[in-house]
Amino acid sequence: MGSLIRPILMISFVLLIPLIPFLLFGDLLQQWITVQFSVRDSALLIIALLSSDIFLPIPSSVVCTFGGAKLGVFQGTLVAWLGMNLGAILGFWLARSLGQSFALKFSEGKDLNRARQLTQQCGPSVLILCRGVPVLAEASVLLMGMQKLSWQRFLLPVLLSNLGLAIAYSIFGEIAEQHQWLPLALAVSIGLPVILAAIVKWRFESRFQEEEQS
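So, a few notes on the structure that sits alongside this text. (Residues numbered from 1 in each chain as written. Predicted model: local features only at pLDDT ≥ 70, side-chain atom pairs only at ≥ 80, totals over all residues. Heavy atoms only, no water.)

1. Here's the deal with the overall build of the protein
Within the protein, the regular secondary structure consists of 10 helices and zero strands. From first element to last, N terminus to C terminus, the protein shows the α and β order α-α-α-α-α-α-α-α-α-α. Buried positions account for 42% of the 214 residues belonging to the protein. The long-range share in the protein, meaning contacts at least 24 apart out of those at least 6 apart in sequence, stands at 78%. Of the roughly 12,100 Å² that the protein leaves accessible, carbon and sulfur atoms contribute 68%. (Helix = DSSP H or I, 4+ residues; strand = E, 2+ residues; numbered from the N terminus. Buried < 20%, exposed > 50% of the residue type's maximum accessible area, 1.4 Å probe, protein only. Contact = heavy atoms within 4.5 Å. Areas by Shrake-Rupley, 256 points an atom, 1.4 Å probe, with all protein chains shown as cover.)

As structure tokens, then:
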């Protein structure tokens, strides 16, 4: 029985992570979503935030969920997809033009190394695998730019994976708005990517330790 306590505690903690932002920032989230934006202003704000994601720590999952709530599934998806694509394309182009020195300004070396290890196994499909993972999403884009990946091989996986994420978060946001639990939905959209990033990081560290021991 004692051997089960640690796994149960870890699972419980992971399940509670999406609730932590809601408990800490619930009032702030409520104030933010009650601000009245026009459709045009909401769209421009979402595009501006998502297109700067490569340079700033923007929680794109939250922004996309907010877009679905305020604009609906169709317009929310279109705006989120456009913003995410602009950010990825800009980061890829700059890393392709300026090289490693630029990439290291906006991504840590260890994150680029993780993306590089995944690339060695998966090739350019790492762009799809990392799209929804905070930090690695940006690192994979910068890495592909550093490695001079062709525009054709870059655009297709990024455009498709961004479309999938935009649709999913926009649907989530609209449903949350309809049922009046948008603040909790925004908190969940913060927590779930954090969980995913933690799992990926744990997996990398475990594999690294296994390789050292072998």
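Here the narrative resumes, following the displayed structure.
2. Observations concerning unusual backbone geometry
Keep in mind that most residues, glycine aside, have a negative phi and that most peptide bonds are trans. In this structure, K148 is a non-glycine residue whose phi angle is positive, near 60 degrees. As for its position among the elements, K148 is in the loop between α8 (136-146) and α9 (151-178). Even without being glycine, Q180 reaches a positive phi, approximately 60 degrees. Summarising the element assignment, Q180 is placed in the loop between α9 and α10 (182-213). Its relative accessible area of 74% is what places Q180 among the exposed residues.

3. Here we look at the packing of helix α6 (residues 109-122) against α8
For the pair α6 and α8, the least separation of the axes is 9 Å and the interaxial angle reads 70 degrees. In terms of orientation, α6 lies roughly perpendicular with respect to α8. Contacts between α6 and α8 involve D111, L112, R114, A115, R116 and T119 from the former and L136, A139, S140, L142, L143, M144 and M146 from the latter. (Axes fitted to C-alpha atoms, helices over the stretch in contact; angles between N-to-C directions. Parallel < 35°, antiparallel > 145°, perpendicular 65-115°, else oblique.)

4. Digging into the packing of aromatic side chains
All told, the structure shown has five aromatic pairs when counted by the stated rule. Between F92 and W151, the aromatic rings sit 4.7 Å apart at their centres with planes inclined by 80 degrees, giving edge-to-face as the arrangement. You can see F92 sitting in helix α4 (residues 60-98) and its partner W151 sitting in helix α9, a full 59 residues away along the chain. Judged by its relative accessible area of 0%, F92 is buried. You can call W151 partly exposed: its relative accessible area is 27%. Centroid distance F92 to F154: 3.8 Å. Interplanar angle 10 degrees. Geometry classified as stacked. (Phe/Tyr/Trp six-rings, centres within 6.5 Å; stacked < 30°, edge-to-face > 60°.)

5. Digging into the nonpolar core
In terms of nonpolar packing, the biggest core is built from 24 residues, with L112, L127, V141, L142, M144 and F154 touching the most fellow members. Elements with a contribution of two residues or more to this core: α4, α5 (100-106), α6, α7 (126-129), α8 and α9. By residue number, the principal contributor to this core is α8, which donates seven residues. Ignoring sequence-local partners within four residues, the contact set of M144 consists of F92, T119, P124, V126, L127 and L149. (Core = buried A, V, L, I, M, F, W, Y, C linked by side-chain atoms within 4.5 Å.)

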